[in-house]
Amino acid sequence: MAVRALPGKQNRQPPGPEPVGRDSAAADQRRRIFEATAELVAEQGYQETTMEQIVRRAKVGYATFYKHFADKEAAFLGLLDAAIERTAANVEGAYKREEGPWADRVGAALGALFEDVAAHPAPARAVLVEAVAAGSEAAAMHELALKRLAPLLRPGRELNPRQAQLPDSLEETLAGGVVWVLGQRLMAGEADKLRALLPETLEFLLRPYVGEDEAARGAGEAADAISAA
Amino acid sequence: MPAEELGPLPAGRHGYSREQVAHHQRERLIAGLAEAVAEKGYAAVTLSDVVRHAKVSRRVFYANFEDKGECFLAAFEIVVDHLRELIAESVENVVGWPQQAIAAARAVLSFLAAEPDLARLCLLESRVAGPALTERLGEAAGELAPLLARGRDERPEGERLPSSTEDSTIGSLVSLLQRKVAAGEASQLEGLLPDCAELILLPYLGPAEATRLARQVA
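Per-chain numbering applies: the sequence of each chain, read as written, is numbered from 1 onward. Both sets of labels track the order of writing: A upward for chains, 1 upward for ligands. pLDDT decides what is reported in this predicted model: residues at 70 or higher carry local features, side-chain atom pairs at 80 or more are listed and counted, and totals for whole chains, interfaces and linings draw on all residues regardless.

J.: Help me understand the overall build of chain B in this model?
T.: Going along the chain from the N terminus, every DSSP run of H or I of four or more residues is numbered as a helix, and every run of E of two or more is numbered as a strand. Each helix and strand counted, chain B has 11 helices and zero strands in total. If you list the helices and strands of chain B from N to C, you get α-α-α-α-α-α-α-α-α-α-α. The principal-axis extents of the C-alpha atoms in chain B amount to approximately 65 × 35 × 30 Å. Per-residue burial over chain B gives 42% buried out of 218 residues. By definition, residues are in contact whenever their C-beta atoms, placed on the basis of the backbone, come within 7 Å of each other. A fraction of 60% describes how many contacts in chain B between residues 6 or more apart in sequence connect residues 24 or more apart. Residues are called buried when their C-beta atom has 20 or more other C-beta atoms within 10 Å, exposed when it has 12 or fewer, and partly exposed otherwise; all C-beta atoms are positioned from the backbone.

Okay, structure coming up:
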């Protein structure tokens, strides 16, 4: 860690028993920049957030910032990308691991999504709320995040005798509804109350595919699972 | 408000009272802000842009608004008020909740398609204009909930629907519209009417009837 030896530089590495390797030091810097960006954007919006604020909050120098990102937008896009990949891995993983019928798999995926958002409210807010209006690339990433939910929902069409009549945009529209509900809760500072919304949101997702009775049954089971947990 | 605070009046005999002029200047400022936002986005808009578009002085701006954010909020509220009136008018002579819901959706989509700049201001720029505006968009969209909830009377077991049904539906609608506007396709919003109708009607009328009615508007 040559940085420490430079005169006049503060020690910006967290103290630890093991010296941090260069790769993990770089990863740690990126993580801190993402965290700072997400927090600042959640507090005051994307436009109001400046690189100066990010650098100060992340406790990195400008040189370090520029080593990773060209500007604020690049850092924000990097944050979105990292958040979407992490969430998608959790959600898709939960969907694949669940071996029950499709409705149960959607329930598992939705549970993973809610958990992920509750555990990482600031980056989730960046993806779900701020990205829509933070420039065309960020908006495209928001769109991409929504679209990743579609393949998990689409198999539900096979359970619907009227599948040919379902609108093409159904999956993305449903995902949009979930994103809105999550975003509103995050803005209200109620990330910790998301679990209570899970059964109803699951019912909302299942209803167009399996009809309301089956959807209500799936939601009831989800509610039981939550109160048992 | 002293007369000199109102800035230069249009030359000649205009016949307006001082109150009318003040009101007119406020409206011009709001319209000026909307134009400036359409041109370069809320974040990049300066006070100079607003007063240039509005053709009034800075002093007039400060007589009406504290800052850019307050002027934006006023613009947002005017659009929301107008949409509220459009929705009320659209359902006036329409019989039956499903047709009223469709008429309201049609009115909103036609207005936003005809005014893509205002659609952008309301649905996207409001999310850039700080956390207060973002919350305001949520509240404004939430006003649709009672209109949707009347669909519960359409079915015997309507009260059994989850209490968040209206929220989820509104979320889907807003998200659908936002993404269309973000894609630069605000002028094609009316094409979303069948999808919007189906989305609104589905929880209350069931899938078969929702699809049937949505196909009729296509």
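The rest of the description comes next.
J.: What am I meant to see in the overall build of chain A here?
T.: Helices and strands together make up the secondary structure of chain A, namely 10 helices and zero strands. The linear arrangement of helices and strands in chain A, starting from the amino end, is α-α-α-α-α-α-α-α-α-α. Dimensions of chain A along its principal axes, counting C-alpha atoms only, are 70 × 40 × 30 Å. Put simply, chain A has 229 residues, and 46% of those count as buried.

J.: Any chance you could explain the interface of chain B and chain A here in plain terms?
T.: Interfaces are often sized by the amount of accessible area the parts lose when they come together. At the junction of the two partners, chain B supplies 32 residues and chain A supplies 31 residues. Listing elements by their share of the side of chain B that touches chain A, those giving two or more residues are helix 6 (116-128), helix 7 (131-142), helix 9 (165-182), helix 10 (193-205) and helix 11 (207-217) of chain B. In terms of residues, the side of chain B that touches chain A owes the most to one element, helix 9 of chain B, which gives 12 residues. Each residue gets one of three labels, nonpolar for Ala, Val, Leu, Ile, Met, Phe, Trp, Tyr, Cys and Pro, charged for Asp, Glu, Lys and Arg, and polar for the others, Gly among them. For the side of chain B that touches chain A, the per-class residue count stands at 13 nonpolar, 12 polar and seven charged.

J.: It is not clear to me how the nonpolar core should be interpreted in this structure. Could you clarify?
T.: Nonpolar side chains tend to gather and get buried jointly when the protein is soluble and globular. By definition, a nonpolar core groups buried Ala, Val, Leu, Ile, Met, Phe, Trp, Tyr and Cys residues that are joined through C-beta atoms within 7 Å. Membership of the largest hydrophobic core comes to 132 residues, with the highest contact counts inside it found for L80, V106 and A109 of chain A together with L33 of chain B. When residues in this core are grouped by element, the largest group, 11 residues, is from helix 10 (residues 198-228) of chain A. In this structure, L33 of chain B is in contact with V50, C71, F72 and A75 of chain B, ignoring residues within four places of it in sequence.

J.: Could you clarify how one ought to interpret the confidence of the model for chain B in this entry?
T.: When pLDDT is low, close inspection of the predicted coordinates is not appropriate. Residues and elements named next belong to chain B. Residue-level confidence of the predictor is what pLDDT reports, using numbers from 0 through 100. Scored by pLDDT, chain B comes out at a mean of 87, with 91% of its residues at no less than 70. Across chain B, element-level confidence peaks in helix 5 (residues 97-114) with a mean pLDDT of 96 and bottoms out in helix 7 with 85. The model gives residues 1-6 a pLDDT under 50, and that stretch makes 11 contacts with residues more than four places away or in other chains. Note on the complex model: pTM 0.80, ipTM 0.72.

J.: Looking at this model, I keep getting lost on the confidence of the model for chain A. Mind explaining?
T.: Across chain A, pLDDT averages 87, with 90% of residues at or above 70. Contacts of residues 1-12 of chain A to residues separated by more than four positions or lying in other chains number six contacts, the stretch itself having pLDDT below 50.

J.: Where do I start with the packing of helix 4 (residues 68-91) of chain B against helix 5 of chain B in this structure?
T.: The description of two packed helices rests on the angle between their axes and on the distance between the axes. Residues and elements named next belong to chain B. Orientation of helix 4 relative to helix 5, taken along the N-to-C sense of each, is 140°, at an axis distance of 8 Å. Relative to helix 5, helix 4 is oriented oblique. Between helix 4 and helix 5 the crossing geometry is right-handed. Here L83, L86, I87, S90 and V91 of helix 4 come into contact with helix 5, specifically with Q100, A103, A104, R106, A107, V108 and F111. Tallied by class, residues from the contact of helix 4 with helix 5 come to nine nonpolar, two polar and one charged. Each axis is a line fitted through C-alpha atoms, and for a helix only the stretch in contact is used; angles between axes span 0 to 180 degrees, taken between their N-to-C directions. Any angle between 65 and 115 degrees counts as roughly perpendicular, while under 35 counts as roughly parallel, over 145 as roughly antiparallel, and the rest as oblique. We call a crossing left-handed when the near helix sits turned anticlockwise from the far one by less than a right angle, and right-handed when that turn is clockwise.

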